[in-house]
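# Results of the structural survey
The primary structure of each chain is shown beneath.
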Amino acid sequence: MNILSLFVIIPLIMMAIIFCIKGENKSLIRVVMSVGGLALLAVSAYLTINYLKLRSGGDDSEFLFTNTPLMWFESLNIHYAVGVDGISVAMLLLSSIIVITGVFVSYAIEDKVKEYFLWFLMLSIGVFGFFISLDLFTMFLFYEVALIPMYLLIGLWGSGKKEYSAMKLTLMLMGGSAFLMVGILGIYYNSTPDGALRTFNIQEISQNVAALANSGADMSWQNIFFPLTFIGFGVLGAMFPFHTWSPDGHASAPTAVSMLHAGVLMKLGGYGCFRVAMYLMPQAASELSWIFIILTGISVVYGAFSACVQTDLKYINAYSSVSHCGLVLFALLMMNKAAMTGAILQMVSHGLMTALFFALIGMIYGRTHTRDIREMGGLMKVMPVLCVCYVIAGLASLGLPGLSGFVAEMTIFVGAFQHPDLFHRIFVILGCSSIVITAVYILRVVGKILFGPMQDPHHETLTDAVWYEKVAVFSLIFAIAAIGLCPLWLSDMISEGIENIVKIF
Amino acid sequence: MDYSNFLIMNHEISLVVVLIITLLADLIIGGNKKVFQYLALGLFTIHTVLGFTQWGSVGDETSFGGMYITSDIHSFVKNFLNLGTIFVFLFGFEWNKTENQKHCGEFYFLTLSTLLGMYLMISSGNFLLFYIGLETASIPMAALVAFNKKERESAEAAAKYVLTAAFSSGVMLFGISLIYGTCGSLYFDEVLVNFFDSPLHIMATIFFIAGLGFKISLVPFHLWTADTYQGAPTAVTAYLSVISKGSAAFALMCILVKAFSNYPDVWQSFLWWIIVITITIGNLFAIRQENLKRFLAFSSISQAGYVILGVYTGTAQGMATVVFYLFIYMFTNLAAFGVISSIENKTGRLNMDDYNGLYSTNPKLAFVMMLAMFSLGGIPIFAGFFSKFFIFAAAMREGETLLVFIALLNTVISLFYYLKVVKAMFIKTSENPIENFKSDNMTRIGLFICTLGILVLGLISPIYEYINGISFGF
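Each value, and the rule that gives it
Residues numbered from 1 in each chain as written. Chains lettered and ligands numbered in written order. Predicted model: local features only at pLDDT ≥ 70, side-chain atom pairs only at ≥ 80, totals over all residues. Heavy atoms only, no water. Helix = DSSP H or I, 4+ residues; strand = E, 2+ residues; numbered from the N terminus. Rg over C-alpha atoms; globule rule 2.2 N^0.38 Å. Buried < 20%, exposed > 50% of the residue type's maximum accessible area, 1.4 Å probe, protein only. Contact = heavy atoms within 4.5 Å. Areas by Shrake-Rupley, 256 points an atom, 1.4 Å probe, with all protein chains shown as cover. Salt bridge = Lys/Arg side-chain N within 4 Å of Asp/Glu carboxyl O. Polar contact = N/O pair within 3.5 Å; in protein donor to acceptor, adjacent residues only side chain to side chain. Nonpolar A, V, L, I, M, F, W, Y, C, P; charged D, E, K, R; others polar. Phe/Tyr/Trp six-rings, centres within 6.5 Å; stacked < 30°, edge-to-face > 60°. Axes fitted to C-alpha atoms, helices over the stretch in contact; angles between N-to-C directions. Parallel < 35°, antiparallel > 145°, perpendicular 65-115°, else oblique. Core = buried A, V, L, I, M, F, W, Y, C linked by side-chain atoms within 4.5 Å. Left-handed = near helix turned anticlockwise from the far one by under 90°. Expected span 1.5 Å × (residues − 1). Arc of directions from axis to C-beta. 1 Å grid on protein atoms, 1.4 Å probe; cavity = no way out; pocket = protein on both sides within 12 Å on 5 of 7 lines; lining within 4 Å. Points joined across faces, edges and corners; volume = space filled by probe spheres on them.

The helix and strand tally for chain A stands at 19 helices and 2 strands. For chain A, the C-alpha radius of gyration of 22 Å lies close to 23 Å, the compact-globule estimate for 505 residues. Along the three orthogonal principal directions, the C-alpha set of chain A runs to about 75 × 55 × 45 Å. Burial analysis of chain A (505 residues in total) assigns 68% to the buried set. For chain A, the share of sequence-separated contacts (at least 6 apart) that also reach a separation of at least 24 residues comes to 80%. Accessible surface, chain A as shown: approximately 16200 Å² in total, 67% of it carbon and sulfur.

Encoded structure:
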């Protein structure tokens, strides 16, 4: 069996097991989740090592670990086809790290544990399935599988105005996937030469499109479907002005769901933007990228400024996610190797960082019962471990060398500035300014809640992290530092994947 | 004497046999409702199984000089209509045993009569037979709608139904007479060659489709739908929304392809608008509904819009997606009605607010309802996603990007109100929730099969491929 299929099969088995366990037996469910999560992590580590081995062994086919496509719907030529390149391997590794840390963070959930983990697993299946798919149909299917559990996860286990946020998030993302479905069908029907067999396979479509372009065929269909597809994924990537679901959704979601959502699910947007929109419609991507550079440029700066004025910790982090995810799309649209590599690095780095942030915020909130930064202060004295971790996450977020954020942002801006066009350069400079603004809101929070006088006498008796919280937080910090200290293997792995994409522009 | 003409009609004949036995049995053993119902259900199940045994072996055949047509796809549609009727009987079993005790026999007899009418409608090769089928399906239906004799609403619903049905058949007859006047024949294949895009032909088509639009409850011919659905007994509402609607939609597609396919522009240009307003209005009105039966009425109006999106294409792929959509829709919508009727039988509660906190008291029913809502909203991996995707794929193939886009944006609106039901059951809490109860066995069997259908039918590709292989278009 193909190793990639394990990413879908393991969660499915876990779902089956948990389905059979009685709801009262919470500890057993948690054990199953931890074991399964570790198994997923092991598989992705194994995959990464083997991938690197194969590449260094000189295997230069575009996708590795491909299966013989399994025919599913013959009349539409839909297959179950999987395969990975360096980018998907990085995303799979990221996802499995977030999933296992998310499981540990979810130990704090006491209400309807069984249902919670079932939806959580469905979300993971969607995420993993999306990254391994090479077939547009299954890719889209997994994409939607990942979206819908969010509704119940937020609505049932969330906090604050959860019903409103859950509905807003679901409807906006489903609106995005409505754009997307038109885009995908448009690609499907227009990408083949007359009379040839239509296909949903990404690799074949890419070859067909290149052949069509070379033969001088009319490529104007791309001008309709590229924006639709890009916006469709852009909604999930929190692109301005479609980002409004993100702050509300993240603020209301339970901790682990925020982690998974900001850490992985939003990356689906960025990944889809280049794997589907740009990779399959390169002509329109070059022509129309300016529109989206403007929009994503606004996301970067606007998100950072918004974060400065928020007082709710989760809102601050959600707006910072808007800014950072905007940077991902922004860098992708520069369409050169360095910037795109930086974009993927930023996806990984932001995924880890923001997961760490949300985990810490959840833990702090669990103790102080407030997320308002005006009501907290001096927490460093009572929970030193959590607070030091918070500082580390903050430093990573504002790009301290030695942590992953620096590697990613550095690569992005160096790459992006290589673009000779004046329009692009102006926007790169604008984008750079976000680094400064990031420092403003991160340091503001750190100064306000960690140091200074204690705001609330009740906070003096708070306890520090317990074991499962430490496991989650330390493993995330380890990953962030690992990437920051030796980024080369990762960036090499990613840039190999990027090369195949850059050459078609 | 040559019986071959009759043998081709084996579906109809076997149904007539079941019908007559049911009628006689009601006279003889009608006193014992349980035995009678088992007998009727058993006979009808045998009839259904017999229908399925001819799976894939019915050739393209006609009898009575082209009056009656059958083929694999016709047989398939009749089979799944049978299946849906079985579900309706299962969900209505308890109701027939208790509230409807007096008229239990009539319920079965009338339902089967309408089914016979639908068979003829689907299989007609001539407008006259089509019209007879339509009337056979409509008139007993009016009686069924009025079955809750003590309720004024039920009578009102029936009056609305019968008046609009009569009016719509009048409109349709006018259309048919124009077709006869201009084409000189009522046989589909002769209409096909004599049909042009002259004003009179266009008018005839519009009248014809408008008449049928009443049955499928397309906007602007939908005004009877909500009141009738609300007033009718739930078993009948389920039957109306799935079986009656499905057969009419399929019949419309057959006739458009067979009789009017030389000038598709004539009907496509105004079906385009009908689709847009049907989906949109159905959705917008569904948002405001509190009564779940009215809610499902408007939801079924908008679902009909999606079906017509497939009909609109007129291609073989379009027909395959229409039949597949109806097939899935049957499982999904009947699952929803099964839950509603089982709760209504036990507690008599029908409003969305009554469902608050249902998950904590009746988790299984809430789970089935949630699956049905997700499937209606087109969420993967449930079957509804596949049927929607295929319909959109068929329409995109004809280059209808804008239409597909509008329909897709509407799925987002529809998701809003489907999620409202999920929200009520799972997220909201209630001081006075529906207490825990055990549904009767028949309902549970029905719900179990429907749930299974929702979960696996989309994933099993051979079903779609089979339908795709036997469809026809122009």
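Okay, back to it.
Further remarks concern the interface of chain A and chain B. Residue-level contacts link 37 residues of chain A with 38 residues of chain B. Counting every contact that joins chain A to chain B gives 1 salt bridge. Between Lys423(B) and Glu163(A) there is a salt bridge, with the nearest N and O atoms lying 3.9 Å from each other. The interface formed by chain A and chain B includes 7 residue pairs in polar contact (both at pLDDT 80 or more). At the level of secondary structure, the elements contributing two or more residues to the side of chain A that touches chain B comprise strand S1 (70-73), helix H4 (113-132), helix H5 (136-157), helix H6 (162-190) and helix H8 (221-236) of chain A. The dominant element in the side of chain A that touches chain B, judged by the number of residues it contributes, is H6(A), at 13 residues. Here the side of chain A that touches chain B is composed, by residue class, of 26 nonpolar, 5 polar and 6 charged.

To continue, consider the packing of aromatic side chains. Taken as a whole, this structure holds 82 aromatic pairs over all chains when the rule is applied. An angle of 65 degrees between the planes, with centres 5.7 Å apart, marks the rings of Phe130(A) and Tyr271(A) as edge-to-face. Separated by 141 residues along the polypeptide, Phe130(A) in helix H4 and Tyr271(A) in helix H10 (residues 255-280) bring together distant segments of the chain. Considering the side-chain rings of Phe295(B) and Tyr417(B), the 5.5 Å spacing of their centres and the 90 degrees angle between planes classify their relative orientation as edge-to-face.

Residues and elements named next belong to chain B. Helix H14 (residues 316-347) packs onto helix H13 (residues 292-313) with a crossing angle of 175 degrees between their chain directions and a minimal axis gap of 9 Å. Taken together, the axis directions place H13 and H14 in an arrangement best described as roughly antiparallel. Counting all contacts with H13, which are made through Leu292, Lys293, Leu296, Ser300, Gln303, Tyr306, Val307, Gly310, Val311 and Thr313, the residues of H14 involved are Gly318, Thr321, Val322, Tyr325, Leu326, Tyr329, Asn333, Ala336, Phe337, Ile340 and Glu344.

Here we take up the nonpolar core. All names here are of chain B. By size, the foremost hydrophobic cluster in this structure holds 400 residues, and its most contacted members are Phe127 and Phe260. Examining the composition of this core, we find that 19 residues originate from one element, H14, more than from any other. Apart from residues lying up to four places away in sequence, phenylalanine 127 is in contact with Ile176, Ile179, Leu186, Phe188, Val191, Phe208, Ile255, Ala259 and Phe260. Met9, Tyr68, Leu120 and Leu129 belong to the second largest nonpolar core, which has 5 residues in total.

This part takes up the packing of helix H13 (residues 337-368) of chain A against helix H16 (residues 404-417) of chain A. Residues and elements named next belong to chain A. Two elements in contact, H13 and H16, have axes whose closest approach is 8 Å; the angle formed by their N-to-C orientations is 155 degrees. Of the possible angle classes, the one that applies to H13 and H16 is roughly antiparallel. Both H13 and H16 take part in a crossing whose hand is left-handed. Facing H13, whose interface residues are Ala338, Ala339, Gly342, Ala343, Leu345, Gln346, Ser349 and Met353, H16 presents Ser404, Gly405, Val407, Ala408, Glu409, Thr411, Ile412, Gly415 and Ala416. Among the residues making up the contact of H13 with H16, the classes are represented as 9 nonpolar, 7 polar and 1 charged.

As a further point, take helix H2 (residues 10-29) of chain B. Residues and elements named next belong to chain B. Over its 20 residues, H2 runs 27 Å from end to end, which matches the ideal 28 Å to within 8%, given 1.5 Å per residue. Along H2, the residues classified as buried are His11, Glu12, Leu15, Val18, Leu19, Thr22 and Ala25. Around the axis of H2, the buried residues are gathered within 155 degrees of arc, so they sit on the same side. Away from its buried face by more than 90 degrees, H2 exposes Leu27 and Ile28. Where H2 is buried, its residues touch helix H3 (33-53), strand S2 (68-70), helix H4 (72-97) and helix H5 (104-123).

If you trace the backbone, Ala472(A) turns up in helix H18 (residues 467-485). According to the relative accessible area criterion, Ala472(A) is buried, its value standing at 0%.

Turning our attention to the environment of Gly342(A). All names here are of chain A. Its location among the elements puts glycine 342 in helix H13. Expressed as a C-alpha distance, the spacing of glycine 342 and glycine 249, which sit 93 residues apart in the sequence, is 27 Å. Leave out the neighbours within four places in its chain, and glycine 342 touches Ala408, Thr411 and Ile412.

Attention shifts here to the layout of surface pockets. There is about 1500 Å³ of room inside the largest pocket. Around the largest pocket, the lining is made up of 41 residues, and of these Met15(A), Phe19(A), Leu118(A), Met122(A) and Phe367(B) lie nearest the centre. Of all elements in the fold, only helix H1 (6-20), S1, H4 and H5 of chain A together with helix H16 (363-377) of chain B reach the threshold of two or more residues within the lining of the largest pocket. A total of 7 residues in the lining of the largest pocket trace back to one element, the largest contributor, which is H4(A). Considered class by class, the residues forming the lining of the largest pocket number 31 nonpolar, 3 polar and 7 charged.

With that out of the way, let us pick up unusual backbone geometry. For the bond from Phe240(A) to Pro241(A), the omega torsion is -5 degrees, close enough to zero to count as cis. Among the secondary structure elements, Pro241(A) is positioned in the loop between H8 and helix H9 (245-252). The omega torsion across Val219(B) and Pro220(B) is 5 degrees, close enough to zero to call that bond cis. Residue position: Pro220(B) is located in the loop between helix H9 (199-216) and helix H10 (225-231). If you check the backbone angles, Phe65(A) has positive phi at about 55 degrees while not being a glycine. Mapped onto the elements of the fold, Phe65(A) is located in the loop between helix H2 (26-56) and S1. The backbone of Phe64(B) sits at a positive phi, close to 50 degrees, despite the residue not being glycine. Note that Phe64(B) resides in the loop between strand S1 (61-63) and S2. Exposure remark for Phe64(B): the relative accessible area of 36% places this residue in the partly exposed category.

Moving on, we get to the side chain of Ser133(A). All names here are of chain A. With respect to the element layout, serine 133 can be found in the loop between H4 and H5. A residue is classified by how much of its surface remains accessible, and serine 133, at 3% relative accessible area, is buried. Among the polar contacts listed, one links the side chain of serine 133 to the side chain of threonine 138, at a separation of 3.5 Å.

In this section: empty space enclosed by the protein. Scanning the model with the defined rule gives 6 cavities of 30 Å³ or more in all. Reported here for the largest cavity is a volume of approximately 140 Å³. If you go around the largest cavity, you meet 14 residues; those closest to its centre are Glu144(A), Gly377(B), Gly378(B), Leu408(B) and Thr411(B). If you list the elements that add at least two residues to the lining of the largest cavity, you get H6 of chain A together with helix H17 (383-397) and helix H18 (401-427) of chain B. Counted by class, the lining of the largest cavity contains 8 nonpolar, 4 polar and 2 charged residues. Approximately 70 Å³ is the volume found for the second largest cavity. Surrounding the second largest cavity, Leu313(A), Ile316(A), Asn317(A), Ser320(A), Phe357(A), Tyr390(A), Tyr441(A), Ile442(A), Val445(A) and Val446(A) form its lining. For the lining of the second largest cavity, the secondary structure elements donating two or more residues are helix H12 (313-332) and helix H17 (422-450) of chain A. Looking at side-chain class alone, the lining of the second largest cavity contains 8 nonpolar, 2 polar and no charged residues.

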